[in-house]
Amino acid sequence: VPVGMHPAHVVVSPDGRLAYVTNGGDNTVSVIDTSAQRLVATIPVGKFPHGLRISPDGKQVYVANLKGGTVSVIDTASQKEVGKIPAGKGPAQVGFTPDGSLVFVSLSEENAVAVIDPATRQVIRKVAVGTVPIQLYVTPDSRTLLVANQGTPRKPGKTVSMIDVESFKVTTTVTTGAGAHGVVVDGEGRYAYVTNTYANSVSVIDVKDRKVVKTVSVGKGPNGISVTP
């Protein structure tokens, strides 16, 4: 399906009917009808959109505009941008708590995570994490946020910051492999999986024990990661 320039991330609506694709090269989000396999909308957003996630209720899409310093809010009923939230430097990815009460945005150029109240569309605080945070994911119980700290090729990050969602404090820093980039948590909240881009591996973290229990060698430069429901 033809979309825009430099497509980056893809997310699918909860009902499986639509897919949303960020196009970093032309500052748009493409909307695809998954059954017809055709483009149904092109939505202008901020500069260099990258990571995006759909709200748990399916009503909004939040898009991290990497070079714009903002997060775009898309209304899924009208397929239009209805807000643009100033977030900070280098927003790379967004994540919702499963209950929809909070949104988190990794700020790759601030070494921090911004916390957004979706009701007011305001940043309510920032939490310092490791160097160049990229992807983030909240556990199913909405209690812990995991943030993968990639670092740079010259100075790779090797950690995942685990943040307590109630206190907004980093409670544990787990050492993974070089270039921790993608992170996802399984549906039961038992394991987190982290791609180590510079180490060509995936770290498996026991969420309860907060430690790596296995390292799996994979192909070159692993990036995003997902688990089946």
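Everything here concerns the structure above.
The present account deals with the structure reproduced in this document. (Residues numbered from 1 in each chain as written. Predicted model: local features only at pLDDT ≥ 70, side-chain atom pairs only at ≥ 80, totals over all residues. Heavy atoms only, no water.)

**A look at the sheet that holds strand β10 (residues 103–107)**
Okay, step 1: Strand order in the open sheet formed by four strands is β9-β10-β11-β12, and the pairing between neighbours is antiparallel. Only two strands of the sheet have a single partner each, and these edge strands are β9 (91–96) and β12 (122–128). Averaged over all pairs of adjacent strands, the angle between their axes in this sheet comes to 25°, without regard to strand direction.
Okay, step 2: Judged from the five bridges that link them, β10 and strand β11 (residues 112–117) form a sheet pairing that is antiparallel. Within β11, the position partnered with Val-105 by the bridge is Ala-114. (Pairing = 2+ DSSP bridges. Helix = DSSP H or I, 4+ residues; strand = E, 2+ residues; numbered from the N terminus. Axes fitted to C-alpha atoms, helices over the stretch in contact; angles between N-to-C directions.)

**Describing the pairing of strand β18 (residues 191–196)**
Okay, step 1: Sheet topology places strand β17 (residues 180–185) next to β18; four bridges connect them, and they run antiparallel. Residue pairing across strands places Ala-180 opposite Asn-196, the latter belonging to β18.
Okay, step 2: Here β17 folds back onto β18 in antiparallel fashion, the turn holding five residues, of which Gly-189 has a positive phi close to 75°.
Okay, step 3: With six bridges joining them, β18 and strand β19 (residues 201–206) adopt antiparallel strand pairing.

**Things to note about unusual backbone geometry**
Okay, step 1: One non-glycine residue, Asn-27, adopts positive backbone phi at about 60°.
Okay, step 2: Inspection of the secondary structure puts Asn-27 in the loop between β2 (18–23) and β3 (28–33).
Okay, step 3: Residue Asn-27 is classed as partly exposed on the basis of its relative accessible area of 29%. (Buried < 20%, exposed > 50% of the residue type's maximum accessible area, 1.4 Å probe, protein only.)

**Quick word on the sheet that holds strand β15 (residues 156–164)**
Sheet strands pair via backbone hydrogen bonds, and the direction of the pair is either parallel or antiparallel.
Okay, step 1: A sheet is described by the order of its strands in space; here four strands give the open sequence β13-β14-β15-β16, paired in antiparallel fashion. Only two strands of the sheet have a single partner each, and these edge strands are β13 (133–138) and β16 (169–175). If you compare each strand with its neighbour and ignore which way they point, the axes differ by 25° on average.

**Some points on the pattern of salt bridges**
Okay, step 1: This structure, assessed with the given rule, holds three salt bridges.
Okay, step 2: Here Lys-84 ties to Glu-81 by a salt bridge, and the two come within 3.2 Å at their closest N and O atoms.
Okay, step 3: Residue class for Glu-81 comes out partly exposed when judged on its relative accessible area of 27%.
Okay, step 4: Residue Glu-110 is joined to Lys-126 by a salt bridge in which the shortest nitrogen-to-oxygen separation is 3.1 Å. Of the two residues, Glu-110 is situated in the loop between β10 and β11 and Lys-126 in strand β12; the sequence distance between them amounts to 16 residues.
Okay, step 5: With a relative accessible area of 28%, Glu-110 lands in the partly exposed category.
Okay, step 6: Take Lys-126: its relative accessible area is 43%, and that puts it in the partly exposed class. (Salt bridge = Lys/Arg side-chain N within 4 Å of Asp/Glu carboxyl O.)

**Some thoughts on the packing of aromatic side chains**
Think of a pair of aromatic rings as described by two things: how far the centres are apart, and how the planes are tilted against each other in angle.
Okay, step 1: Inspection of every chain in the model, using the stated rule, returns one aromatic pair.
Okay, step 2: Considering the side-chain rings of Tyr-62 and Phe-96, the 5.2 Å spacing of their centres and the 80° angle between planes classify their relative orientation as edge-to-face. Within this pair, whereas Tyr-62 is found in strand β6 (residues 60–65), its partner Phe-96 is found in strand β9, the two being separated by 34 residues in sequence.
Okay, step 3: Residue Phe-96 is classed as buried on the basis of its relative accessible area of 11%.
Okay, step 4: The ring of Phe-48 carries Lys-67 above its face, with NZ or CZ at 4.5 Å from the centroid. (Phe/Tyr/Trp six-rings, centres within 6.5 Å; stacked < 30°, edge-to-face > 60°. Lys NZ or Arg CZ within 6 Å of the ring centre and 35° of its normal.)

**Description of the side chain of Thr-139**
Okay, step 1: Note that Thr-139 resides in the loop between β13 and β14 (144–151).
Okay, step 2: Accessibility expressed as a relative area gives 3% for Thr-139, which makes it buried.
Okay, step 3: Looking at Thr-139, its side chain comes within polar contact range of the side chain of Asp-141, at 2.7 Å.
Okay, step 4: Beyond its immediate sequence surroundings of up to four residues, Thr-139 is in contact with Pro-98, Thr-144, Leu-146, Val-185 and Val-207. (Polar contact = N/O pair within 3.5 Å; in protein donor to acceptor, adjacent residues only side chain to side chain. Contact = heavy atoms within 4.5 Å.)

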